[in-house]
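One letter stands for each residue in the lines below.
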Amino acid sequence: MQPLVEKVYQNQALTRDEMKQVATAIFDEELTDAQISAFLVALKFKGITSDELTGLAEVMQARARTMPQTSLHLMDNCGTGGDHSNSFNISTTSAFVLAGGGIPMAKHGNRSVSSHSGSADVLELLGVTLQATPEEVNYLLQEVGIAFLFAPAFHPAMKAVMPIRKQLATPTIFNLIGPIINPYPLHTQLMGTFAKDTLVETAETLGKLGRKRAVVVQGSGGMDEANLAGTTHFALYDDGHVTTHAFTPEEVGLTPAPLAAIQSNSVEQNKEILLSVIQDQPSVYYDTVCLNAGLGFFANGAVPDMKEGIRLAKEVIASGAAYAALQALITFQKELN
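What you see is a predicted model, and the numbers here were worked out from it, not measured in a lab.

> When you look at the overall build of the chain in this model, what are you seeing that I'm missing?
Along the chain, the regular secondary structure elements total 15 helices and seven strands. By the compact-globule yardstick of 20 Å for 337 residues, the chain fits well, its C-alpha radius of gyration being 19 Å. Counting only C-alpha atoms, the chain reaches 60 × 45 × 40 Å along its principal axes. Burial statistics for the chain: of 337 residues in total, 54% are counted as buried.

The structure is reproduced here in structure tokens:
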């Protein structure tokens, strides 16, 4: 291992296979905490490449819980978090809109780390079970069109690095990896990131991991979501190529709003916001979800552009399909339990 670790110290990128070797050594506990910490910090300052992200992801997915095979073309819209915006649960709310629009959503997520409420926190308050088995998740995807995959339950290997990450107290490659390692082989993906300098590398990684089409986005103010405060930047992976794009709220037909307008103070408030949006109550929260769900429909390839995606998101919410997806998820989980 030492020559590979030394390579990173020398500001040289690892190949995909070299990163797999290092990641395997980390999870097999062949490296000390001090060695892992030094490696993660050196990798951060060097700058993370697509091959390094892909190699780590492949090792972690190989150690995830095995999911039943499915013919569904699954999508996820999980973000990295870590933007310290204290926004409401935008991607979680958007996932129900996307599911209501007919896209099977394997929603990967976790509890809050840097905000008042992560996806797991608000879903648990709504009555969604976090500890579903792989078989139950697969059943929900088939019958409801959406299921929640609680990351710690599906990635037990992550426990090996959690103490080190907490002690480092700085974002590392592991802060980028969460949305990439959905246990299912996703067909399409919308991924938010706090790291704007990795948009292209992350989009390339999603392609290497088998996505047919994907969007990696960062909103104004460094948010890992599209928002109404300014320019949103994203990288689109499609047909083996990555292109970069940007848009403002005005360009997609929405009214600008400051980031403070979408902040939330508690998981209880996040629950009320989520319900208000999918019950078709106009607000800045509603517009923000329509923007992100619209971007999700575009990432999936269901629509040709952002404006059409936003129009479809509004149509799905108005029809009651997004709210019905939430109610069906809760009902079917109760029956399973």
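> Looking at this structure, I do not really get the nonpolar core. What am I missing?
One broad trend across soluble globular proteins is that nonpolar side chains are buried collectively. Within the largest apolar cluster, 74 residues are counted, with the highest numbers of intra-cluster contacts made by V97, V137, Y184, V215, L291 and F297. At ten residues, helix 13 (residues 284–300) tops the list of elements feeding residues into this core. In contact with V97, other than residues within four places in its own chain, are I278, V289, A293, F297, A313, V316, I317 and A322. L53, L206, A235 and Y237 belong to the second largest nonpolar core, which has 41 residues in total.

> Just checking my understanding: could you explain the pairing of strand 4 (residues 188–192) for this structure?
Counting buried residues in strand 4 gives five out of five residues, a clear majority hidden from the surface. What you see with strand 4 is no split at all: T188, L190 and G192 on one side and Q189 and M191 on the other are buried throughout. Two elements, strand 1 (residues 75–76) and strand 4, share two bridges in a ladder whose sense is parallel. Across the sheet, D76 pairs through a bridge with Q189, a residue of strand 4.

> Please clarify how the packing of aromatic side chains should be interpreted in this entry.
What describes a pair of aromatic rings is the distance from one ring centre to the other and the angle between the planes of the rings. In this structure the tally under the stated criterion is six aromatic pairs. For the pair Y139 and F332, a centre-to-centre distance of 6.1 Å together with 50° between the ring planes defines the contact as tilted. Linking Y139 in helix 7 (residues 134–143) with F332 in helix 15 (residues 321–336), this pair joins segments that are 193 residues apart in sequence. With a relative accessible area of 34%, Y139 lands in the partly exposed category. The class for F332 is partly exposed, based on a relative accessible area of 22%. The ring of F298 is capped by R213, whose NZ or CZ atom sits 4.7 Å from the centre of that ring.

> It is not clear to me how the environment of K271 should be interpreted in this structure. Could you clarify?
With respect to the helices and strands, the residue K271 is situated in helix 12 (residues 267–278). Judged by relative accessible area, K271 falls into the partly exposed class, the value being 23%. The spatial distance from the C-alpha of K271 to the C-alpha of F148 is 16 Å, given a sequence separation of 123 residues. Leaving out residues up to four positions away in the same chain, K271 has contacts with V122, L125 and L126.

> Where do I start with helix 12 in this structure?
Each α-helix turn comprises 3.6 residues. Residues three or four places apart therefore point the same way. Taking 1.5 Å of rise per residue, the twelve residues of helix 12 would be expected to cover 16 Å, and the 17 Å separating its terminal C-alpha atoms lies within 8% of that figure. For helix 12, every residue scored as buried is listed here: V267, N270, I273, L274, L275, S276, V277 and I278. Directly beyond the C-terminal end of helix 12, a positive phi value near 70° is found at D280.

> Would you mind going over the environment of T133 with me for this structure?
Positionally, T133 belongs in the loop between helix 6 (119–126) and helix 7. Taking the C-alpha atoms as reference points, T133 and V289, 156 residues apart in sequence, are found 29 Å from one another.

What counts and how
Residues numbered from 1 in each chain as written. Predicted model: local features only at pLDDT ≥ 70, side-chain atom pairs only at ≥ 80, totals over all residues. Heavy atoms only, no water. Helix = DSSP H or I, 4+ residues; strand = E, 2+ residues; numbered from the N terminus. Rg over C-alpha atoms; globule rule 2.2 N^0.38 Å. Buried < 20%, exposed > 50% of the residue type's maximum accessible area, 1.4 Å probe, protein only. Core = buried A, V, L, I, M, F, W, Y, C linked by side-chain atoms within 4.5 Å. Contact = heavy atoms within 4.5 Å. Pairing = 2+ DSSP bridges. Phe/Tyr/Trp six-rings, centres within 6.5 Å; stacked < 30°, edge-to-face > 60°. Lys NZ or Arg CZ within 6 Å of the ring centre and 35° of its normal. Expected span 1.5 Å × (residues − 1).

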